[in-house]
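Okay, here's what each chain looks like letter by letter:
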Amino acid sequence: MLSVAWSTLRTRLVSFLGTFLALALGTALIAAMGQLLAVTVGSPDRGPQRYAAAPFVIVPDGRVHVRTWRGEQSLPLVEKAGLDAELVARSPGAVVDRAFPARLAGGPDVTGRPWAARRTAPQRLLAGRAPRSPREIAVSTGARVGDTVTVLTRAGAESYTVVGVTDGPPTVFFTDRRAAALSPRVDALALWSAPGGALPPGTRLLTGQDRALADPSREDDARARDNAVTIVGIAAGFAVFIAVFVVSSTFAFAVAQRRREFALLRTLGATRRQVRLMVYGEALLVAVAASALGAPAGPVLAGPILDRLVGLGMAPSWLVPGTYTWPSVTAFCVGAVVALAGVAVAAARAGRVHPAEAMREAVVEPGVMTWGRRIFGVGLLGAALASMVVTAVRDPLSAANDKSFMPVVMLLVTAAGP
């Protein structure tokens, strides 16, 4: 029956072109989403930011450790303790870093730090000079050299003169003495050589990638990665879902138009099983060709899609692009499985054709859309519209959630499938 399927397929290239293109594009999208999933999950964590230039960083532990019957457990402290003054005193050459909330009046919240800590990122001086008096500051955003600004800190609102502008994240740099007065707690020691002697309890020495643990963006980076994985996973699910219904609808349409052909084959002695196998064979031929075309396109499409997600703020910019083999192989297999799953109903319908229908079909061709399919499609469309209305009335904010619209879109795709 595969030879019959191939002969039939050659005479129906136009009718199967839509299925071929839809399945090829679906396979390419599945391969691309697989590449993006591999990138988002497999990319290393973002490199150190605040202490990128310092090979050694000493920070407070920031957690309380408790021994329980399950073993040692730890919880984060609400208010972190600073480093011991004795440790600071016996660390000559170390940069003493203090990070505390600061805000330029009328602007966003930024981080206040001593000028010496500029070396740890590093942040370059773009204009002006370093602050030298208690009433001078350098900023990376919100003001220009010569401006007099009001800065809100724990000490209250005070006026400062901007004497320097730096690059880097939003920061207000004070003189080292002024920063110590505003925030006596020492949050970190940045060193360019390994510290000598044992560290006191409650402190940690960070090196290499572990220096990123001291970055304030650590939680945001993890959240950004999780959001990217969620968005790419939803897109991959949509690709599979849409491919199944496009293939199913196309083959249902083709089978409805070929009932007379199947009836003639039954008259010539073909069994119901052979007719079903012929339909499956056609689907398999289309699936193999379309998947072979679409699967290798995954790595090519992954780059532009990732750039678009980064531009829309849906994926972090620090993800490291890569080329993986398993997404393309998986997409090829999924394309074949999707085609066979999508044609299952059409094949069963083709196998139910009776030989006697050959003469009747010659006079009157039945409509492709049955009443059952119409009712099913209209019902799903009504359910999708009702869900949209209920969401808009009861919880409008959730309409912008990446996960809330997925059931509605799936209902709309299913409604269009019949």
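Residues numbered from 1 in each chain as written. Predicted model: local features only at pLDDT ≥ 70, side-chain atom pairs only at ≥ 80, totals over all residues. Heavy atoms only, no water.

**Comments concerning the overall build of the protein chain**
For the protein chain, the helix and strand inventory stands at 13 helices and 13 strands. Counting over 418 residues, the protein chain shows a buried share of 39%. For the protein chain, the exposed area adds up to about 22100 Å²; of that, 63% sits on carbon and sulfur atoms. (Helix = DSSP H or I, 4+ residues; strand = E, 2+ residues; numbered from the N terminus. Buried < 20%, exposed > 50% of the residue type's maximum accessible area, 1.4 Å probe, protein only. Areas by Shrake-Rupley, 256 points an atom, 1.4 Å probe, with all protein chains shown as cover.)

**So, the packing of aromatic side chains**
Aromatic ring pairs are defined here through the distance separating the ring centres and the angle between the ring planes. The tally for this structure, following the rule as stated, stands at three aromatic pairs. Ring centres of Trp115 and Phe173 lie 5.5 Å apart, and the angle between their planes is 85°; this geometry places the pair in the edge-to-face category. Here the residue Trp115 occupies a position in the loop between strand 6 (109–114) and strand 7 (125–128), and Phe173 occupies one in strand 11 (residues 171–174), the gap between them amounting to 58 residues. An aromatic cluster of at least three residues, connected via ring pairs, comprises Phe100, Tyr160 and Phe174. Between Arg119 and the ring centre of Trp192, over which it is positioned, the NZ or CZ distance is 4.2 Å. When the ring centre of Tyr160 is taken as origin, the NZ or CZ atom of Arg135, which lies over that ring, is 5.4 Å away. (Phe/Tyr/Trp six-rings, centres within 6.5 Å; stacked < 30°, edge-to-face > 60°. Lys NZ or Arg CZ within 6 Å of the ring centre and 35° of its normal.)

**Focus: the pairing of strand 12 (residues 188–191)**
Neither face of strand 12 is open: one carries Ala188 and Ala190, the other Leu189 and Leu191, and all of them are buried. Across three bridges, the pairing between strand 1 (residues 56–60) and strand 12 is antiparallel. Across the sheet, the residue bridging to Val57 is Ala190, located in strand 12. Pairing of strand 4 (residues 95–97) with strand 12 involves three bridges; the strand directions are antiparallel. Bridge pairing in strand 12 links Val96 to Leu189. (Pairing = 2+ DSSP bridges.)

**A few points about the sheet that holds strand 12**
Spatially, the four strands line up as an open sheet ordered 4-12-1-13, and their pairing is antiparallel. Every interior strand has two partners, whereas the edge strands, strand 4 and strand 13 (203–207), have only one. In this sheet, adjacent strand axes meet at a mean angle of 20° when their direction is disregarded. (Axes fitted to C-alpha atoms, helices over the stretch in contact; angles between N-to-C directions.)

**Here's the deal with unusual backbone geometry**
Geometrically, the link from Ala121 to Pro122 is a cis peptide bond, its omega value of -10° lying close to zero. Residue position: Pro122 is located in the loop between strand 6 and strand 7.

**A short note on the confidence of the model for the protein chain**
Of all residues in the protein chain, 78% attain a pLDDT of 70 or more, and the chain-wide mean is 79. Here residues 361–365 is modelled with pLDDT under 50, and outside its nearest four sequence neighbours on either side it reaches six contacts, counting other chains as well. (pLDDT = per-residue confidence, 0-100. Contact = heavy atoms within 4.5 Å.)

**Thoughts on the layout of surface pockets**
As a volume, the second largest pocket reaches approximately 360 Å³. Along the walls of the second largest pocket sit 17 residues, with Gln49, Arg50, Pro169, Pro216 and Ser217 positioned nearest its centre. The residue makeup of the lining of the second largest pocket, split by class, is five nonpolar, six polar and six charged. (1 Å grid on protein atoms, 1.4 Å probe; cavity = no way out; pocket = protein on both sides within 12 Å on 5 of 7 lines; lining within 4 Å. Points joined across faces, edges and corners; volume = space filled by probe spheres on them. Nonpolar A, V, L, I, M, F, W, Y, C, P; charged D, E, K, R; others polar.)

**Topic: the pairing of strand 5 (residues 100–104)**
On strand 5, burial follows the alternation: Phe100, Ala102 and Leu104 on one face are buried, whereas Pro101 and Arg103 on the facing-out side are not. Where strand 5 and strand 6 come together, four bridges link them in antiparallel fashion. Residue pairing across strands places Pro101 opposite Thr111, the latter belonging to strand 6. With antiparallel pairing between neighbouring strands as the criterion, strand 5 and strand 6 make up a hairpin whose turn holds four residues, including Gly106 at a positive phi of roughly 85°. Sheet analysis places strand 5 next to strand 9 (residues 148–153), joined by two bridges and oriented antiparallel. The residue bridging Leu104 from the neighbouring strand is Val151, located in strand 9.

**A short note on the pattern of salt bridges**
Taken as a whole and assessed by the stated rule, the structure comprises 11 salt bridges. The partner of Arg225 in a salt bridge is Asp45, and the shortest N-O contact between them spans 3.1 Å. Taken together, the residues span a long stretch of sequence, with Arg225 in helix 5 (residues 218–257) and Asp45 in the loop between helix 2 (13–42) and strand 1 at a distance of 180 residues. Given the relative accessible area of 40%, Asp45 is considered partly exposed. (Salt bridge = Lys/Arg side-chain N within 4 Å of Asp/Glu carboxyl O.)

**A few points about helix 9 (residues 326–342)**
Given a rise of 1.5 Å per residue, 17 residues ought to cover 24 Å, and the 23 Å separating the end C-alpha atoms of helix 9 matches this to within 8%. Along helix 9, the positions that sit buried rather than exposed are Pro327, Ser328, Ala331, Gly335, Ala336, Val338, Ala339 and Gly342. (Expected span 1.5 Å × (residues − 1).)

**Some points on the nonpolar core**
Ranked by internal contacts, the top residues of the largest apolar core, which has 15 residues, are Leu104, Ile137, Val139, Val151, Val172 and Phe174. Residue assignment for this core shows that the elements contributing at least two residues are strand 5, strand 8 (136–139), strand 9, strand 10 (156–166), strand 11 and helix 4 (176–182). Of the residues forming this core, the biggest block, three residues, is contributed by strand 5. Other than its neighbours up to four places away in sequence, Val172 contacts Leu104, Val110, Thr111, Gly112, Arg113, Ile137, Ala138 and Val139. The next biggest cluster of nonpolar side chains, apart from the first, holds 14 residues, and it includes Ala32, Leu36, Ala228 and Ala236. (Core = buried A, V, L, I, M, F, W, Y, C linked by side-chain atoms within 4.5 Å.)

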